[in-house]
Amino acid sequence: MPGVNFAQFPRFSRVSQRIFTRSLSTKAVGETKAPSRTAIEINHRLYHPDEWTNVNPRILSFLERRIHVQPHHPLSIVRQKIVQFFGEKYRNSKGNPLFSVYDSLSPIVSVEQNFDSLLIPPDHPSRDKSQSYYFNRDYMLRAHTTVHQAELITSGLNNFLIVGDVYRRDEINSTHYPVFHQLDAVRIHTRKTLFGEADLQIMETKPRTHEEPTHQSCHTLEAVKLVEVELKDTLLGLVKSLFGDKVKYRWVETYFPFTHPSWELEIHHRDDWLEVLGCGIMRHAILDRCGHKDAIGIAFGLGLERIAMALYQIPDIRLFWSRDSGFLSQFHDNAPPGLIYKSVSVYPQCTNDVSFWLPGTSAAESFDPNDLYDEVRSVGGDIVEQVHLQDKFTHPKSGRTSMCFRIIYRHMERTLTQAEVNEVHAKIAQNLVEKFNVEIR
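Owing to the predicted nature of the structure, the values given are computational and were not obtained by experimental measurement.

The buried fraction of strand β10 (residues 259–269) amounts to ten of the eleven residues, a majority that puts the element mostly inside the structure. The pairing of strand β9 (residues 249–256) with β10 spans seven bridges and is classified as antiparallel. Counted as the bridge partner of Glu-253 is Trp-263 from β10. Counting the residues in the hairpin turn of β9 and β10 gives two residues. Across nine bridges, β10 lies against strand β11 (residues 272–282) in antiparallel orientation. Note on β11: the bridge partner recorded for Ile-267 is Leu-274. Linking β10 back to β11 in an antiparallel pair, the connection comprises two residues, with Arg-270 at a positive phi of about 55 degrees.

With 16 residues, helix α2 (residues 74–89) ought to run about 22 Å at 1.5 Å a step, and its terminal C-alpha atoms sit 23 Å apart, in line with that. Buried within α2 are the following residues: Pro-74, Leu-75, Ser-76, Ile-77, Val-78, Arg-79, Ile-82, Phe-85, Phe-86 and Gly-87.

If you trace the seven strands from one edge of the open sheet to the other, you get β4-β7-β8-β12-β11-β10-β9, paired in mixed fashion. Across the chains shown, the open sheet's two edge strands, defined by having one partner strand only, are β4 (100–102) and β9. Strand-to-strand, the axes of this sheet are offset by a mean angle of 25 degrees, without reference to chain direction. The sheet contacts of α2 involve β4, β7 (159–167), β8 (179–190) and β12 (295–303), and relative to β7 the element is tilted by about 165 degrees. Helix α8 (residues 304–312) rests against β7, β8, β10, β11 and β12 of the sheet, and its axis sits at about 55 degrees to β12.

All right, on to unusual backbone geometry then. The omega torsion across His-260 and Pro-261 is -5 degrees, close enough to zero to call that bond cis. By the secondary structure assignment, Pro-261 is in strand β10. The phi dihedral of Asp-271 falls on the positive side, at around 70 degrees, and the residue is not glycine. Secondary-structure assignment places Asp-271 in the loop between β10 and β11.

This paragraph deals with the pattern of salt bridges. It is possible for side chains of opposite charge to pair when their charged atoms get near one another. Inspection of the entire model under this criterion finds 24 salt bridges. When the shortest N-O distance is used, the salt bridge between Asp-316 and Arg-318 registers 3.2 Å. Just as Asp-316 is buried, Arg-318 falls in that class too. Among the charged side chains, a salt-bridge network with shared partners connects Asp-316, Arg-318, Glu-385 and Arg-410.

If you walk through the whole model with that rule in mind, you get zero disulfides. With no disulfide of its own, Cys-218 has Cys-290 as its nearest cysteine by sulfur position, at a separation of 14 Å. Given the relative accessible area of 15%, Cys-218 is considered buried.

Take Ser-106: it is sitting in the loop between β4 and β5 (108–110). Polar contacts involving the side chain of Ser-106 include one to the main-chain amide nitrogen of Ile-108, which spans 3.2 Å.

Tallying each qualifying case throughout the model produces 20 aromatic pairs. Plain terms: the ring middles of Tyr-47 and Phe-135 are 4.8 Å apart, the flat faces sit at 35 degrees to each other, and that makes the pair tilted. Taken together, the residues Tyr-47 in strand β3 (residues 45–47) and Phe-135 in the loop between α3 (111–114) and β6 (139–141) connect sequence positions 88 residues apart. Phe-135 carries the same exposure label as Tyr-47, and that label is buried. For the pair Tyr-373 and Phe-405, a centre-to-centre distance of 6.4 Å together with 90 degrees between the ring planes defines the contact as edge-to-face. Separated by 32 residues along the polypeptide, Tyr-373 in helix α11 (residues 369–380) and Phe-405 in strand β15 (residues 401–409) bring together distant segments of the chain. Assessed through its relative accessible area of 0%, Phe-405 is described here as buried. Through successive ring pairs, a cluster of aromatic residues spans Phe-85, Phe-86, Tyr-90, Phe-99 and Phe-300. The positively charged end of Lys-89 is found above the aromatic ring belonging to Tyr-90, 5.8 Å away from the centroid. Positioned above the aromatic ring of Trp-251 is the side chain of Lys-232, whose terminal nitrogen or guanidinium carbon lies 5.4 Å from the ring centre.

The next subject is the pairing of β8. Summarising burial for β8: eleven of the twelve residues are buried, a large majority. Summarising the sheet, β7 and β8 pair through nine bridges and their orientation is antiparallel. If you follow Asn-159 over to β8, its bridge partner there is Arg-187. Bridging between β8 and β12 involves nine bridges; their strand directions are antiparallel. Residue pairing in the sheet places His-189 in a bridge with Ile-296 of β12.

Moving on to the environment of Pro-107. Along the chain, Pro-107 falls in the loop between β4 and β5. For Pro-107 and Tyr-167, which are 60 residues apart along the polypeptide, the C-alpha to C-alpha distance reads 8.6 Å.

Moving on to the packing of α2 against helix α6 (residues 221–243). At a minimum axis distance of 10 Å, the contact between α2 and α6 shows a crossing angle of 130 degrees. In this view, α2 runs oblique relative to α6, as classed from their interaxial angle. Where α2 crosses over α6, the two elements pack in a sense that is right-handed. Contacts between α2 and α6 involve Lys-81, Ile-82, Phe-85, Phe-86 and Lys-89 from the former and Asp-233, Thr-234, Gly-237, Leu-238, Ser-241 and Leu-242 from the latter. Here the residues of the contact of α2 with α6 are counted per class, giving five nonpolar, three polar and three charged.

Each value, and the rule that gives it
- Residues numbered from 1 in each chain as written.
- Predicted model: local features only at pLDDT ≥ 70, side-chain atom pairs only at ≥ 80, totals over all residues.
- Heavy atoms only, no water.
- Buried < 20%, exposed > 50% of the residue type's maximum accessible area, 1.4 Å probe, protein only.
- Helix = DSSP H or I, 4+ residues; strand = E, 2+ residues; numbered from the N terminus.
- Pairing = 2+ DSSP bridges.
- Expected span 1.5 Å × (residues − 1).
- Axes fitted to C-alpha atoms, helices over the stretch in contact; angles between N-to-C directions.
- Contact = heavy atoms within 4.5 Å.
- Salt bridge = Lys/Arg side-chain N within 4 Å of Asp/Glu carboxyl O.
- Disulfide = S-S within 2.5 Å.
- Polar contact = N/O pair within 3.5 Å; in protein donor to acceptor, adjacent residues only side chain to side chain.
- Phe/Tyr/Trp six-rings, centres within 6.5 Å; stacked < 30°, edge-to-face > 60°.
- Lys NZ or Arg CZ within 6 Å of the ring centre and 35° of its normal.
- Parallel < 35°, antiparallel > 145°, perpendicular 65-115°, else oblique.
- Left-handed = near helix turned anticlockwise from the far one by under 90°.
- Nonpolar A, V, L, I, M, F, W, Y, C, P; charged D, E, K, R; others polar.

The structure is reproduced here in structure tokens:
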């Protein structure tokens, strides 16, 4: 696109990372006070730890995997299907795809990009350390690919797709993982592209003082209805291209900080309703900051893992990270329609419990299970299948709180012995004592 410098956006091709001791005279990214001697270097940039730092070596190891562009990977196949759909539906005057695609933008972003640029309130739960991964108070691993909207719009892009890995601290089970992949899309209309030569306006000449449930106070109802029809028609076409023309669906009104009105699209899948994407009309404040005074934008986002798990009936999200040829060989770019994943093998589970007293009588209020989940993942890696809180009680006399978590181990590619599970489990317990000052029961 003319006027756009594509080299300006940070990209990840090969990831170099290390944690090292550095000179006190070296200034790290985001550093605002006297530094400690330990910094994190990724792609030749330094990030100085502070009280917000919660990234760990295991999480950083995912940066170089880039499985969403790995040939013959189910996530990459889903990505290609979506890109192909938009390439065929939207063409420019020369017959080329209208939507540009960004699948290599750096997942390391500023806190301002991740939250402020999208109008996410300062007190929103997603900003909490227990929810996201921080290098320091200024830089973090993106929690969604929506973070890149503002920079791309400001550069002059009106139609684009963003694909990439995102990072969130979460529970441990078959559908949740600290790293997953999202695809976002933005389409911006000017008055000419929306109405042509008709004497209609996008923006109200006198915006209302209050916001309607149906649209933002600055937008005309004619503009909102036109883009809503386009948005829903496009996304319904996308879902039908993935799941078939006969798929049952429904639209559900919802809330996102960066769109209004907003909807989720659900499909009826395996006897239940499954949310497959969220979408809406972009908040005009976002476009206004990017230089679009008289324009209206539509956007949507979806999770590649959720689509792939439903499409191919993949039962466990950990499988996407497998290097096992028995898994990957089932998927290829020319895979037949209706391909269903066939389990390579089902190995037995090993179950161990860990019980502990929290330190002090007020510790229960500050202890966040996501901290424990993160520590379990750091030690046990992908042999940890599930973690559940089994029991929690407060002693009536001492006031101390006891918690019991059940950790279920299962390797995706071989049988685990109880002895090796016990060794990992003991290490987890030891780390909980050292990091959280708990007392193992």
